[in-house]
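# Architecture and fold: a report
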Amino acid sequence: MIITIDGYAGSGKSSAARGLADALGFELLNTGAMYRAAGLALQDAGVNIYADPPDLARIAELVADYTFDMAGGKTMLNGVDYTERLTSPGAGAAASKVGTFPPVRERLKAEQRRIAAGRNMICEGRDQGTAVFPDAAVKFFFTASVEVRAKRRYDQLVKDRADADLAKIAEQIALRDHQDETRPIDPLKKADDAEPIDTSNDPLDVTLERMRKVVGECRG
Ligand code: DC
């Protein structure tokens, strides 16, 4: 059984995905991590992913061989462990960029379907309920206001960095939203049959309770 969770950056979908996976005894597939690793791997191979236009022939050639192993919360791409490198701001920007390249999306979608085949899995990302698993048993779509998402990110950052700037973070979040919503292939959007979840005002336990109820109703 596949459950999809799509939504905006910082909307709380990762924490909810983890909580729901634990509650149901499902595995978790973090597809953002796959885009992050692909962005880093292409750059490691010497590709300028920000070139205009990008060298799509070379990118297609490289990603054709990409195989992922996402077991145990790690992100392994062709046997190389990218897990530690995935949280840098550069990795997020690279993921958003390579997510606009058709050969990257095609390869990663195929890998996501291969990894999830025959499993009880919660698949989290931007296009899981719309493009990758349109027949998923249950779909959720997460939103939260830009202000709330910027404040969450700010609170995370001030722990390590005194120069965190709330207005700048809000600006970056709005830009990432725009990129994800307007890319021509598989843009971020709610599937018609997805349950909308707005986490602006709800703590995680309230969100999780709601999700468990929706899953319970679908399972009958
Ligand atoms: O969930 P995240 O912040 O790790 O995702 C980083 C970027 O990867 C996101 O801005 C767009 C891209 N992405 C995607 O295009 N499709 C997905 N299923 C997951 C992520």
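Here, every reference points to the structure presented above.
What you see is a predicted model, and the numbers here were worked out from it, not measured in a lab.

## Regarding helix α9 (residues 204-219)
Because each turn of an α-helix spans 3.6 residues, side chains separated by three or four positions in sequence point in the same direction. Between its first and last C-alpha atoms α9 spans 22 Å; for 16 residues at 1.5 Å apiece the expected length is 22 Å, and the two agree. Every buried residue of α9 is listed here: T207, L208, M211, V214 and V215. Take α9 and look down its axis: the buried residues cluster within an arc of 125°, on one side only. Facing away from the buried side of α9 by more than 90 degrees, the exposed set consists of D205, E209, K213 and E217. A positive phi of about 75° marks G220, the residue just after α9.

## Observations concerning the side chain of Q112
With respect to the helices and strands, the residue Q112 is situated in helix α5 (residues 102-116). Taking relative accessible area as the criterion, Q112 reaches 0% and is therefore assigned buried. In this structure Q112 touches L29, T31, M34, Y35, Q128, V132 and F133, once residues within four positions along its chain are discounted.

## Some details on the state of the cysteines
Tallied over the entire structure, the rule returns zero disulfides. The thiol of C123 is not disulfide-bonded; the next cysteine sulfur, from C218, is found 16 Å away. Under the relative-accessibility criterion, C218 is labelled partly exposed at 47%.

## Considerations on the nonpolar core
Proteins that are soluble and globular tend to have nonpolar side chains buried together. By size, the foremost hydrophobic cluster in this structure holds 35 residues, and its most contacted members are L42, Y66, F68 and V104. Secondary-structure elements contributing two or more residues to this core are α2 (31-44), α3 (56-63), α4 (89-98), α5 and β6 (121-125). Ranked by residue count, the leading element in this core is α2, at eight residues. The contacts of L42, once residues within four sequence positions are left out, are V47, I49, I59, L62, V63, Y66, V98 and V104. I5, L20, A21 and V215 belong to the second largest nonpolar core, which has 16 residues in total.

## Regarding the pattern of salt bridges
All told, the structure shown has 16 salt bridges when counted by the stated rule. The residue D127 makes a salt bridge to R105 at a minimum N-O spacing of 2.8 Å. Taken together, the positions of D127 in the loop between β6 and α6 (128-132) and R105 in helix α5 put the pair 22 residues apart, joining distant regions of the chain. The burial state of D127 is the same as that of R105; both residues are buried. For R149, the salt bridge identified is with D177, shortest N-O distance 2.6 Å. Linking R149 in helix α7 (residues 146-158) with D177 in helix α8 (residues 166-182), this pair joins segments that are 28 residues apart in sequence. Here R149 matches D177 in class, with each residue buried. Here the salt bridges do not stand alone but share partners, grouping R105, E106, K109, D127 and D186 into one network.

## Side note on the sheet that holds strand β4 (residues 76-77)
Read from one edge of the open sheet, three strands run β3-β4-β5, paired in antiparallel fashion. Both edges of this open sheet fall to β3 (68-69) and β5 (80-81), since each of them pairs with a single strand only. Taken together, the two bridges between β4 and β5 define a ladder with antiparallel strand orientation. Bridged to L77 within β5 is V80.

## Re the sheet that holds β6
A sheet is described by the order of its strands in space; here five strands give the open sequence β2-β6-β1-β7-β8, paired in parallel fashion. The strands lining the two open edges of the sheet, one partner per strand, are β2 (27-30) and β8 (195-198). Strand-to-strand twist in this sheet, taken as the mean axis angle between neighbours without regard to direction, amounts to 20°. When strand β7 (residues 138-143) meets β8, the two strands line up parallel, connected through four bridges. By the bridge assignment, F141 is partnered in β8 with P196. Running at roughly 180° to β6, helix α1 (residues 13-24) makes contact with β1 (2-7), β2, β6 and β7 of the sheet.

## Some thoughts on the packing of aromatic side chains
Enumeration over the complete set of coordinates arrives at one aromatic pair. Seen in terms of ring centroids, Y8 and F141 are 6.0 Å apart; in terms of plane orientation they differ by 75°. Their pairing is edge-to-face. One end of the pair, Y8, is in the loop between β1 and α1; the other, F141, is in strand β7, and 133 residues separate them in sequence. In terms of burial, Y8 and F141 fall into one category: buried.

The rules behind the values
- Residues numbered from 1 in each chain as written.
- Predicted model: local features only at pLDDT ≥ 70, side-chain atom pairs only at ≥ 80, totals over all residues.
- Heavy atoms only, no water.
- Helix = DSSP H or I, 4+ residues; strand = E, 2+ residues; numbered from the N terminus.
- Expected span 1.5 Å × (residues − 1).
- Buried < 20%, exposed > 50% of the residue type's maximum accessible area, 1.4 Å probe, protein only.
- Arc of directions from axis to C-beta.
- Contact = heavy atoms within 4.5 Å.
- Disulfide = S-S within 2.5 Å.
- Core = buried A, V, L, I, M, F, W, Y, C linked by side-chain atoms within 4.5 Å.
- Salt bridge = Lys/Arg side-chain N within 4 Å of Asp/Glu carboxyl O.
- Pairing = 2+ DSSP bridges.
- Axes fitted to C-alpha atoms, helices over the stretch in contact; angles between N-to-C directions.
- Phe/Tyr/Trp six-rings, centres within 6.5 Å; stacked < 30°, edge-to-face > 60°.

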